[in-house]
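Residue-level structural notes
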Amino acid sequence: MLLRRLAAAAIAVVALAGVQVAGATPAQAAPRVLYYDARQAQEFISVVNQGAQIWNSRATNVRLEPVTAGRTPNIRIYADNGWPRAQTTSLGNGRVWMGRQAVDQGYYPPRIAAHELGHILGLPDRRTGLCADLMSGSSAPVSCTNSYPNARELASVEANFRSSAAVAPQSYVWQPAPAGAAG
Ligand SMILES: [Zn+2]
């Protein structure tokens with residue numbers, strides 16, 4: 001009698017599990033789409049697109065798309081002669097400058113673009129000196145061509161967009177001013 005009840009209970013559990021698997025496809029939320037406007041990025045337009053594609057090839061909770069007509073971009077991207085830098089206003093929103101100063105020094109443009117977009121995606125600078133880290137930025141050797149986030153950086157971005165994390169406005173500069181220097 002007991003055995004029969006246990007068997008019945010086991011069948012019920014299996015049936016329930018089966019219903020759940022069949023009925024509820026895992027709740028895969030649509031990625032949050034961020035629109036970027038690179039039309040003022042001058043000679044860096046294609047490298048900015050490349051940086052966006054790098055993130056799109058890895059992240060599932062967020063997508064970077066070129067802005068379409070009539071839409072307000074989340075991210076505006078410019079080119080100038082200073083250091084590359086990013087100003088974030090909140091998670092997924094802000095401005096990026098593809099500064100020529102780093103390119104002139106030999107830093108790899110796709111890495112710069114993916115790095116600066118990383119700030120918009122909520123990642124701070126971590127100047128580890130390691131080329132494997134995208135957010136090590138200019139602390140990695142100039143010869144570093146790694147333009148992809150490492151697993152920890154990617155996990156952090158995924159978590160940010162899974163929870164719509166609150167990120168305080170921040171400014172980041174590719175090359176920090178030397179200690180004691182003004183500005
Ligand atoms: Zn940075």
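Residues numbered from 1 in each chain as written. Predicted model: local features only at pLDDT ≥ 70, side-chain atom pairs only at ≥ 80, totals over all residues. Heavy atoms only, no water.

Time to look at the coordination of the zinc ion. Surrounding the zinc ion are the protein donor atoms His115 (NE2), His119 (NE2) and Asp125 (OD), which sit 2.0 to 2.1 Å from the metal. The sequence pattern formed by the donor residues of the zinc ion is H-x3-H-x5-D. In this pair, His115 sits in helix α4 (residues 109–120) while Asp125 sits in the loop between α4 and α5 (151–162), placing the two residues 10 residues apart along the sequence. (Donors = N, O, S within 2.8 Å, 3.2 Å for Na, K, Ca; no water. Helix = DSSP H or I, 4+ residues; strand = E, 2+ residues; numbered from the N terminus.)

With that settled, the discussion passes to the state of the cysteines. In the structure shown here, the tally under the stated rule is 1 disulfide. Through a disulfide, Cys131 is tied to Cys144; the S-S separation comes to 2.0 Å. When the S-S torsion is 85 degrees, as for the bridge of Cys131 with Cys144, the disulfide is right-handed. Of this pair, Cys131 sits in the loop between α4 and α5 while Cys144 is found in the loop between α4 and α5, placing the two residues 13 residues apart along the sequence. (Disulfide = S-S within 2.5 Å.)

Read from one edge to the other, the open sheet built from 6 strands follows the order β2-β1-β3-β5-β4-β6, with strand pairing classed as mixed. Strand pairing shows two members of the sheet lacking a second neighbour, β2 (62–66) and β6 (170–173), which therefore form its edges. In this sheet, neighbouring strand axes are inclined to one another by 20 degrees on average, regardless of whether the strands run parallel or antiparallel. Relative to β6, strand β4 (residues 85–90) runs antiparallel, the two being bridged by 4 bridges. The residue bridging Gln87 from the neighbouring strand is Ser171, located in β6. Here helix α2 (residues 45–56) sits on the sheet and contacts β1 (32–40), β2, β3 (75–80) and β5 (93–99); the angle it forms with β1, its principal contact strand, is near 165 degrees. (Pairing = 2+ DSSP bridges. Axes fitted to C-alpha atoms, helices over the stretch in contact; angles between N-to-C directions. Contact = heavy atoms within 4.5 Å.)

Structurally, Ala86 is set in strand β4. C-alpha separation for the pair Ala86 and Ser171, spaced 85 residues apart in sequence, amounts to 5.8 Å. With residues near it in sequence (within four places) discarded, Ala86 still touches Arg95, Val96, Glu116, His119, Gln170, Ser171 and Tyr172.

A few words now on the pattern of salt bridges. Considering all chains together, one arrives at 6 salt bridges under this definition. One salt bridge in this structure joins Arg63 and Glu65, with 3.0 Å as the shortest N-O distance. A salt bridge links Arg127 to Asp125; the nearest nitrogen and oxygen atoms lie 3.3 Å apart. Taking relative accessible area as the criterion, Arg127 reaches 36% and is therefore assigned partly exposed. (Salt bridge = Lys/Arg side-chain N within 4 Å of Asp/Glu carboxyl O. Buried < 20%, exposed > 50% of the residue type's maximum accessible area, 1.4 Å probe, protein only.)

Looking now at α2. Compared with an ideal rise of 1.5 Å per residue, which puts 12 residues at 16 Å, α2 spans 17 Å between its outermost C-alpha atoms and is within 8% of the ideal. Regarding α2, the residues found buried are Val47, Val48, Gly51, Ala52, Ile54, Trp55 and Asn56. Those residues of α2 hidden inside the fold are in contact with β1, β2, β3, β5, α4 and α5. (Expected span 1.5 Å × (residues − 1).)

Pairing of β1 with β2, which is carried by 5 bridges, proceeds in the parallel orientation. Residue pairing for β2: Arg32 is matched across the bridge by Val62.

Moving on, we come to the nonpolar core. Grouped together as the largest cluster of nonpolar side chains are 36 residues, with contacts concentrated most on Trp55, Leu64, Ile75 and Ile77. When sequence neighbours within four positions are dropped, the list of residues in contact with Ile77 reads Tyr36, Asp37, Ala38, Gln40, Ala41, Val48, Val96, Met98 and Leu117. (Core = buried A, V, L, I, M, F, W, Y, C linked by side-chain atoms within 4.5 Å.)

As a further point, take the side chain of Asn160. In this fold, Asn160 is placed in helix α5. Of the residues examined, Asn160 reaches a relative accessible area of 12% and is grouped as buried. With near-sequence residues (within four places) excluded, Asn160 lies in contact with Leu91, Leu121, Gly122 and Ala165.

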